[in-house]
Number of protein chains: 2
Amino acid sequence: MEMIAGGGCDMNKHKKAQTAQDEAVAGSLKKIKNKFIVMSGKGGVGKTSVTVNLAIALANKGYKVGIMDVDIHGPDVPRVLGINKEMLGVNADKKLTPLAYSRNLSAVSIESLSASKDDAIIWRGPVKHSVIRQFIGDVEWGDLDYLLIDAPPGTGDEPLTVAQVISDAKAIIVTTPQEISLADVRKSINFCKTVKMNIFGLIENMSGFSCPHCHQAIDMFGTGGGERTAKDAGINFLGRIPFDPKLVTCGDSGTSYQEAYKDSPVTTAFDNVTKLMSELI
Amino acid sequence: MEMIAGGGCDMNKHKKAQTAQDEAVAGSLKKIKNKFIVMSGKGGVGKTSVTVNLAIALANKGYKVGIMDVDIHGPDVPRVLGINKEMLGVNADKKLTPLAYSRNLSAVSIESLSASKDDAIIWRGPVKHSVIRQFIGDVEWGDLDYLLIDAPPGTGDEPLTVAQVISDAKAIIVTTPQEISLADVRKSINFCKTVKMNIFGLIENMSGFSCPHCHQAIDMFGTGGGERTAKDAGINFLGRIPFDPKLVTCGDSGTSYQEAYKDSPVTTAFDNVTKLMSELI
């Protein structure tokens, strides 16, 4: 993967490279039926966990799914999938090959290009823009039913680049029910409206919690705030995902929660969201 | 507040404005004794809550404290302080006057410049760099014992700008105990080492949780991972702050947790960290 950004005197060469990359980006996108960007106003609302679990649920239904991790500074997708030790490969066409999680699910992340997992990526916005374009054009995604894009929290360079480069991407916005999170999610909704990105809907994560010992309800982040916010903003409410500490443990160890807890309320909640997503096919 | 960035043919004028701003930035910084940037690898670890509570604890000890909220896309400081309805003022010298929380504590945030609180700030990196410089040079901070800077999660434009503009800023890194958070915090530590920013130490937030009904321990994010990570990286461990859902409620409603729960373990934990900070004076 060669950086095409950067200064240079030979403008013609630069322009040619740009056009070639534009074509590569368009070529990759043409083969992907549905593109979703998973966004959040605030960090720590479980956006990566939602992205990965939706992807696994769709792949389990037999769809071809890709995850593109554009959270350049906190790329957690490979760890949650349990494939963080692997590196991206390169094929005969000099395209990057995504990490394979299963026959139906593959992923690309900056984490799988860094030799040391603890190194910080210290890049300003324009470099990130260029890398995200390369994650589309220079990757051999193949034919996909769904591409799920895991964006960093907020309304900065990364979601803006996605909105500009993938004009038919739909947004899934993840929030937790407490007010401080909802205040930021309203910014995400307005971001989508401003850049004219379709909003598929809003998911309320970590919604309600009961003590695993005495089973009494614990008011951690509250519940219901996401649904009210969606209603107020006139967007679809996709459902509530209860808080389950086992989701944290599974994310840490890179094991599939849905595999381990097939009949849990969390697995059912993810399944319900993917039903809405598969109505698009 | 006038934007000095942006194109223009009159380079001399641009240079003059740049020099004037460099001087304003240096002038503001000279009057501030200690500068701390509160960072995190991942979002949602309670970074803003830690920043605000440390600031209140220092102000309660009689120090003059300022909070600069450089989380441009998720500016939560005014809401947590309960002063989110107020707007920044301008004084006779055309400098911005920070929001006053109390006699000893004031704050500046992009939130207090936006007419609509739900609007998203959609800026690419270079504009954010310029705004952060203005938050220092164009604000009448006055004489401060402490400036606490609330950075967005990760290692992007905002912390990089702070590292470049405030060369004597020390980093306080906040993490939660689970592995996925620790993986990202190691990136923050390496960021500081790369840009040669002093690390004051690491705080483990949301450390341990017991059911408010049956008082049994609930393994939410685990405990102890922060201390191990600090030890491995050879940096100071500043202490553990237990998880308390009341901190969420207080943050949402903008009331001071430390005022309401004076003898709680959380208040004691914040007090212990500020003792270490006040040894610097």
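Residues numbered from 1 in each chain as written. Chains lettered and ligands numbered in written order. Predicted model: local features only at pLDDT ≥ 70, side-chain atom pairs only at ≥ 80, totals over all residues. Heavy atoms only, no water.

Naming follows an unreviewed UniProt entry, where chain A appears as Iron-sulfur cluster carrier protein of Desulfonema limicola. What the UniProt record of chain A gives under Function (unreviewed entry) is the line "Binds and transfers iron-sulfur (Fe-S) clusters to target apoproteins. Can hydrolyze ATP." (UniProt positions renumbered as here; feature names shortened; annotations may be inferred.)

*Asks:* How would you summarise the interface of chain A and chain B if you had to cite specific residues and measurements?
*Replies:* Put simply, an interface is often sized by how much accessible area is lost when its parts join up. Tallying the contact residues gives 57 residues for chain A and 57 residues for chain B. Summing the contributions of chain A and of chain B, the shared interface buries around 4,500 Å²; its carbon and sulfur component is 56%. On the chain A side of the contact with chain B, Ile122, Arg124 and Lys187 of chain A bury the most area, a combined 16% of that side's loss. Summed over the shared surface of chain A and chain B, the result is ten salt bridges. (Contact = heavy atoms within 4.5 Å. Buried area = accessible area lost by both parts, 1.4 Å probe. Salt bridge = Lys/Arg side-chain N within 4 Å of Asp/Glu carboxyl O.)

*Asks:* Break down the sheet that holds strand β10 (residues 237-241) of chain A for me, with residues and values.
*Replies:* Residue and element names in this part refer to chain A. Pairing within the open sheet is mixed, and its eight strands lie in the order β5-β6-β2-β7-β1-β8-β9-β10. Because the sheet does not close on itself, it has two edges, and the strands there are β5 (99-100) and β10. Where strand β2 (residues 65-69) meets strand β6 (residues 105-109), five bridges bridge the pair, whose relative direction is parallel. Each bridged residue has a counterpart across the sheet, and for Val65 the counterpart in β6 is Leu105. Of the strands in this sheet, β2 and β6 are in contact with helix α4 (residues 125-137), which crosses β2 at around 165 degrees. (Pairing = 2+ DSSP bridges. Helix = DSSP H or I, 4+ residues; strand = E, 2+ residues; numbered from the N terminus. Axes fitted to C-alpha atoms, helices over the stretch in contact; angles between N-to-C directions.)

*Asks:* Describe the confidence of the model for chain A, listing the residues and the values that go with them.
*Replies:* Residue and element names in this part refer to chain A. The predicted model of chain A averages 91 in pLDDT, with 96% of residues at 70 or higher. For the stretch residues 1-8, pLDDT sits under 50, and the model shows 15 contacts to residues farther than four places along the chain or on other chains. Overall fold confidence for the complex sits at a pTM of 0.89, while the interface term, ipTM, reaches 0.83. (pLDDT = per-residue confidence, 0-100.)

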